[in-house]
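Letter by letter, the chains look like this.
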Amino acid sequence: MNQEKYNPVNHCKIIRRRTQSSTTSLTYVGGNLEMPPIDLIIEILQRLPAKTIAKLRCVSKQWGSLLSNPDFTKSFLTCSSTRPRLLFTFEFGGKWHFFSSPQPRNVDEQIVIADYHMGFSGDWYKEICQSANGFIYLYDKQMFKEKIERVPVICNPSTGQKVHLPIVIAKNNDLRSFLGYDPIENQLKVLCMAVAKYNQQTNSREHKVLTLGKGKPSWRNIECLFPHFPENYKNGICINGILYYIARSNLNTVIACFDVKYEKFRFIQIDEESSILTWFLTLINYKGKLAALVFDQSLHDQLWVLDDPENEKWSKHIFHLPTAAFVVIRSIWATDSGEIVWAPSRWTYPFYVFYYNMERQSVRRFEIKGIEEKALMGHYRPEAIFTFTNHIENVMFL
């Protein structure tokens, strides 16, 4: 008669104990096997992909509790910020899809594989899609009281979480919204302004803020003492807790600055001569500083870098983007190393992402594979695709 060989580890009792170094270990009765210190476990876990963390959360209540702990999510975010990714998102076939790929760093690299994160059904507005701290903000269409309403949605591609936010109750239906992040309090906030049009002039009449992650979300009215209105179809960008967006004030182009933590506004003025001659394409994060990509009628392409925010001092650099880049202004960004990145706003096959080196004045391109094979499969192409650089995986749940 064959008998299974007795293994004491399979039949032992596990005792949890606390060591003097405040680390948890597991001691097997009948053996000397111990788990590594919890600090070492966290050090290992924070280096794993977000998809793996999501699977480990389902192992047990203990694993779920550990991986949902704010200290772990913060350490994972810190580690994730050292490996930024490209994020691709679009609506296709009645679903909004999310892909991401490693951010190309090797000059000899020509093909990058994109991983599929999530997809969810809905009827979506495609003119706005914003990113901050690993989260995405966009609008869903839903019927309320026999009227189609814009329902703001916040989602996390890394965890698969999607949260419908309250509808904005405002006197005007034309809304401008921006997603900001406060790194001090580790809080996401949405800034929303109701815009009214009178005699072809637009003014933001109401200003509201919604804080995410603290109880049931609700909109709060805040005060803005500076008359202005955000330009339509221009996304904002949040850098070090300050949300920036292009606006108009007294017919002049300005850059609005919203402090996410203190919920205060201020504005960066642009000299009148420049505002008449230039067209602001978009705002980007250039090596940790606010920068504006500008088309000048005389000098063509310029990059304005805000070197001194207090005194509003800019440095201006001339460069030359291909003509095709100007039709994809919603998808022009920059990397931490200072390269300008753009991608087509409509799907093309093959799909390329372009990197422009300011110092060398050279362009390199990378083919993105995986999206066509995993989502589109040769069918109708999406009308709009949004590409974000420096996307970080965030395992925090709201």
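Just above sits the structure.
As the structure is a computational prediction, the values presented were derived from the model and not from experiment.

Turning our eyes to something else, we now look at the pattern of salt bridges. Tallying each qualifying case throughout the model produces ten salt bridges. A salt bridge links Lys208 to Glu206, with the shortest nitrogen-to-oxygen separation between them at 3.8 Å. Accessibility assignment for this pair places Lys208 and Glu206 in one class, buried. Here the salt bridges do not stand alone but share partners, grouping Lys189, Arg220 and Glu263 into one network.

Summarising the sheet, strand S18 (residues 252-259) and strand S19 (residues 264-269) pair through six bridges and their orientation is antiparallel. Looking at S19, one finds that Phe258 is bridged to Phe265. Where S18 folds back onto S19 in an antiparallel hairpin, the turn is made up of four residues, including Glu263, whose phi is positive at roughly 60°.

Moving on: the side chain of Asn235. Relative to the helices and strands, Asn235 is located in the loop between strand S15 (229-230) and strand S16 (237-239). Among the polar contacts listed, one links the side chain of Asn235 to the backbone oxygen of Cys129, at a separation of 3.2 Å. Discounting residues that sit within four places of it in the chain, Asn235 has contacts with Ile128, Cys129, Gln130 and Phe178.

Our next topic: the packing of aromatic side chains. By the definition in use, this model includes 18 aromatic pairs. Seen in terms of ring centroids, Trp342 and Phe354 are 5.4 Å apart; in terms of plane orientation they differ by 10°. Their pairing is stacked. Pair noted here: Trp342 is in strand S25 (residues 340-342) and Phe354 is in strand S26 (residues 351-357), with a separation of twelve residues, a long-range link. Owing to a relative accessible area of 5%, Trp342 belongs among the buried residues under this scheme. Each ring, one from Tyr352 and one from Phe354, has its centre 6.4 Å from the other, and the planes form 50°; the classification is tilted. On the accessibility criterion, Tyr352 (19% relative accessible area) is buried. Owing to a relative accessible area of 21%, Phe354 belongs among the partly exposed residues under this scheme. Through successive ring pairs, a cluster of aromatic residues spans Trp96, Phe98, Phe120, Trp124 and Phe386. Taking the ring centre of Tyr125 as reference, the NZ or CZ of Arg150 above it sits at 4.2 Å.

Looking now at the environment of Ser204. Mapping Ser204 onto the fold places it in strand S13 (residues 201-212). By relative accessible area, which is 11% here, Ser204 ends up buried. In this structure Ser204 touches Met193, Ala194, Val195, His228 and Phe229, once residues within four positions along its chain are discounted.

Below, the discussion takes up the nonpolar core. In terms of nonpolar packing, the biggest core is built from 30 residues, with Trp96, Ile136, Tyr244, Leu283 and Leu290 touching the most fellow members. Leaving out residues up to four positions away in the same chain, Ile136 has contacts with Leu87, Phe98, Cys129, Gln130, Ser131, Val153, Ile154, Cys155, Pro157, Leu179 and Phe388. In this structure, Tyr125, Tyr137, Tyr181 and Ile392 belong to the second largest nonpolar core, which totals 22 residues.

Rules and cut-offs
Residues numbered from 1 in each chain as written. Predicted model: local features only at pLDDT ≥ 70, side-chain atom pairs only at ≥ 80, totals over all residues. Heavy atoms only, no water. Salt bridge = Lys/Arg side-chain N within 4 Å of Asp/Glu carboxyl O. Buried < 20%, exposed > 50% of the residue type's maximum accessible area, 1.4 Å probe, protein only. Pairing = 2+ DSSP bridges. Helix = DSSP H or I, 4+ residues; strand = E, 2+ residues; numbered from the N terminus. Polar contact = N/O pair within 3.5 Å; in protein donor to acceptor, adjacent residues only side chain to side chain. Contact = heavy atoms within 4.5 Å. Phe/Tyr/Trp six-rings, centres within 6.5 Å; stacked < 30°, edge-to-face > 60°. Lys NZ or Arg CZ within 6 Å of the ring centre and 35° of its normal. Core = buried A, V, L, I, M, F, W, Y, C linked by side-chain atoms within 4.5 Å.

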